[in-house]
Structure formats: structure tokens, C-alpha cells
Amino acid sequence: MDATDAVIRIEGLTTHYGTRRILNNINLQVRARETLVLLGASGTGKSTLLRHILALERPTEGHVFINGIDTCRASEEELNRVRRRMGVLFQSGALFGSMTLADNVALPLRELTKLEESTIQIMVRMKLDLVGLTGFGDYMPAQLSGGMRKRAGLARALAMDPEILLFDEPSAGLDPITAAGIDALILNLKKTFPLTMVVVTHELVSAFQIADRIAMLHEGEVIALGTVEEIKQASHPRVQQFLNRVPEEQMRDREAYLRSLTAGF
Ligand SMILES: Nc1ncnc2c1ncn2[C@@H]1O[C@H](COP(=O)(O)OP(=O)(O)O)[C@@H](O)[C@H]1O
Ligand SMILES: [Mg+2]
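Throughout, a residue's number is its position along its own chain's written sequence, starting from 1. Key to labels: chains lettered from A, ligands numbered from 1, both in the order written. With the structure being a predicted model, the display of local features is reserved for residues of pLDDT at least 70 and the display and counting of side-chain atom pairs for 80 or more, all residues being used for whole-chain, interface and lining totals. Hydrogens are left out, water is left out, and the side-chain values use all remaining heavy atoms of the structure.

In terms of regular secondary structure, the chain is built from ten helices and ten strands. Note that the radius of gyration is over C-alpha atoms, with the globule rule given as 2.2 Å times the number of residues to the power 0.38. Taken over the C-alpha trace, the chain has a radius of gyration of 20 Å; the compact-globule value for 265 residues is 18 Å, and the two agree within 12%. Overall, the C-alpha framework of the chain stretches about 75 × 45 × 35 Å when taken along its three principal axes. Within the chain, buried positions represent 46% of all 265 residues. Contact between two residues is taken to exist if any of their heavy atoms lie within 4.5 Å; hydrogens are not considered. Contacts in the chain between residues at least 24 apart in sequence constitute 63% of all its contacts with a sequence separation of at least 6. For accessible areas, the Shrake-Rupley method is used with a probe of radius 1.4 Å. Any residue's cover is judged against the shown protein chains and nothing else. Of the accessible surface of the chain, which amounts to about 13500 Å², a share of 51% is contributed by carbon and sulfur atoms. Across the chain, 30 positive and 32 negative side-chain charges occur, with their mean positions spaced 1 Å apart. Only DSSP runs of H or I with at least four residues qualify as helices, and only runs of E with at least two residues qualify as strands; both kinds are numbered from the N terminus onward. Exposure classes here rest on a 1.4 Å probe applied to the protein chains alone. A residue is buried below 20% of its type maximum, exposed above 50%, and partly exposed in between. The sign given to each residue is positive for Lys and Arg and negative for Asp and Glu; His and the chain ends receive no count. In plain terms, the charge of a residue is placed at NZ if it is Lys, CZ if Arg, CG if Asp and CD if Glu.

In C-alpha cells form, the structure reads like this:
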């Protein structure tokens, strides 16, 4: 791929929390209108990578370019411009409990634009329609199911018509049917709008449904990158462990066994 095609370009990204290395030399590009899934067990650094894409954290080494802008070097003003092109649905959903759904979705429009209130009302209704929450604008978050709260969070992420949409575990904690509904919604958004998406998940079914490409993370490194078919055929033992749900103990036994085979040489 020509580097200039990449909407998101991550180069040699390494990051630490204290002295602990969390991400190690990540190199990834996300193309325009592509859905890249970051797949991996919990604790492998998926959310950390997402926060770096959002420029909420600075890496120890390496760079994140959004549309060619190096967010590690950008001024605060440039960063704000870049962030406005990104919508994010965090794992927690993070709706404000004291506000109606409509006010939650309107918040970025009221804070970041000078649009007329009547225009904002129309935009809010459009976003709620888009995520299947027509008529729920006056509800409070606590009155909704988990799946509906996710949808409302998504409506808010879409409020500013972002070019890049980031999801952290959109179907975590949802029953399989509700989770499938969220996947279908993501697929529909992908068909309807020219969105570039990064979806963090540990759910295989979801990943296989929505991904154009999958980057598999393990202990802060990308250990496989490719289409769904390519990932299914990847020979890396940690990829196969994940796909076949092999417990960690069994992996350690296997590694010890392999070591014993070569010990005599
Ligand atoms: N703010 C933080 N401070 C210190 N350690 C953190 C912080 N956030 C995450 N970690 C650690 O970094 C590792 C990766 O975390 P995370 O990116 O949340 O993984 P994932 O999203 O794949 O579950 C974990 O071991 C986690 O405990
Ligand atoms: Mg996470």
C-alpha cells in the first residue's frame, strides 16, 4: 500500500506505563474506508493502542499519523482539528447519566459548533434514527438496556459526522443477539458512509463479521495482520491459540515440550 493512502499510520510505536512496556514497535496502516479490527486477549494493549490513535496518550517512541499529521508533534490546535474528525465509542459507553439521550448526542454539537439549536435538534434526530433509537431522545440512559446505551453512545460518536470511527469492545457485556445487532449496525454504517473504522474486540464472531482486515495483538505486539481468511490460516501458535480457545496452561506445556525436543542440540 502506498503510505499516502493511509488515513491512520502507526510507525514504530512503543509505549510504557512506568517501566512496563505495554506496546512494542507497532507498525500499522488503516486505509480510507477500511474496517480494521484489533483482536486479542484482554491485557494485550488494544485499548492503549486506541488511546494513542486518539492522541490521548503520547508514546515513548514512534509516531501516529492521522491524514498525514503527526499527532505526536502536532500543536494543540492541530490536535483539536484532528480529533474533530474522529468519533469514538468507549467501552463504558460513557453517556452522561443526568442528561437525556438527545442532550447526550447534542453535547458535542453544542460544545464544538455554532449551529442553531433548531439545526442541532434535526441532527440529533438523524443520529438517533441511524442507530435504531427513533423516538428515544427523551429517555435517560438508566431507562435503557445495555445494547440501547451502546447505540446511544454510537449516535453521540457520530454527532460531528466523523471521518474516522473508533470502537472499544462495542459488544462486550451484551448477550449474543444484542451483540449481533451492534455488528449489523456497524456493517450498515460501513455500507452507508465513507467511514474508516478501527474496532477493538476480543470476540471472534464479531471480528470475522465486520473486519476488512484483522490485526492480532499479543503482549503489545502485532503478531498477525491480514484478511479474515489470512488470519484463520496464520501459523503463529498464539493466533491459533486464540482462534481455537486453547487455555494458557496447555500453551505453556506445549512450549516446554518443544523446548525439550531441541534441548539436546
Ligand atoms: N493507565 C494505566 N496505567 C498503568 N497500566 C495500565 C494503564 N492502562 C492499562 N494498563 C496496563 O496495560 C496493559 C494493557 O492494557 P489495555 O490496553 O487496557 O489492554 P486491553 O484493552 O487489550 O485489554 C494491561 O496490562 C493493563 O493493566
Ligand atoms: Mg481494553
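Okay, back to it.
Note on scores: pLDDT gives the predictor's confidence for each residue, bounded by 0 and 100. For the chain, the average pLDDT comes to 93, and 97% of its residues sit at 70 or higher. Per-element mean pLDDT across the chain ranges from 82 in helix α10 (residues 248-262) up to 98 in strand β2 (residues 20-31).

An axis is simply a line fitted to the C-alpha atoms; with a helix, the fit covers only the stretch in contact. Between two such axes, the angle follows the N-to-C directions and lies from 0 to 180 degrees. Between helix α3 (residues 101-112) and helix α4 (residues 117-130), the shortest axis-to-axis distance is 9 Å and the interhelical angle comes to 125 degrees. The angle between α3 and α4 falls in the class oblique. Where α3 crosses over α4, the handedness of that crossing is right-handed. Here A102, V105, A106, L109 and R110 of α3 lie close against α4, whose contacting residues are E117, I120, Q121, M123, V124, K127 and L128. Every angle not falling under 35 degrees, over 145, or within 65 to 115 is termed oblique; those three ranges are roughly parallel, roughly antiparallel and roughly perpendicular. By convention the crossing between two helices is left-handed if the near helix lies anticlockwise of the far one by an angle smaller than a right angle, and right-handed if it lies clockwise.

What follows covers the pattern of salt bridges. When a carboxyl oxygen of Asp or Glu lies within 4 Å of a side-chain nitrogen of Lys or Arg, that pair is called a salt bridge. Scanning all chains against the criterion turns up 15 salt bridges. The partner of K127 in a salt bridge is D161, with the nearest N and O atoms 2.4 Å apart. Residue K127 is found in helix α4, and its partner D161 is found in the loop between α5 (146-157) and β7 (164-168); the two are separated by 34 residues along the sequence. Bridged by salt links that share partners, the residues R31, E34 and R213 form one connected network.

Right, let's get into α5. Across its twelve residues, α5 extends 17 Å between first and last C-alpha, which sits within 8% of the 16 Å expected from 1.5 Å per residue. On its buried side, α5 packs onto β6 (86-89), α3, α4, β7 and α6 (176-192). A helix is expected to span 1.5 Å for every residue after the first.

Once that is clear, we can look at the sheet that holds strand β4 (residues 61-66). Here a strand pair is declared whenever DSSP counts at least two bridges between the two strands. The four strands are arranged β2-β1-β4-β5 in an open sheet whose pairing can be described as antiparallel. Two strands bound the open sheet, and with one partner strand each, they are β2 and β5 (69-70). As judged from the two bridges shared by β4 and β5, these two strands associate in the antiparallel manner. Across the sheet, F65 pairs through a bridge with D70, a residue of β5. Against the sheet, helix α1 (residues 46-53) makes contact with β1 (6-17), β2 and β4, and its axis sits at roughly 120 degrees relative to β1, the strand it touches most.

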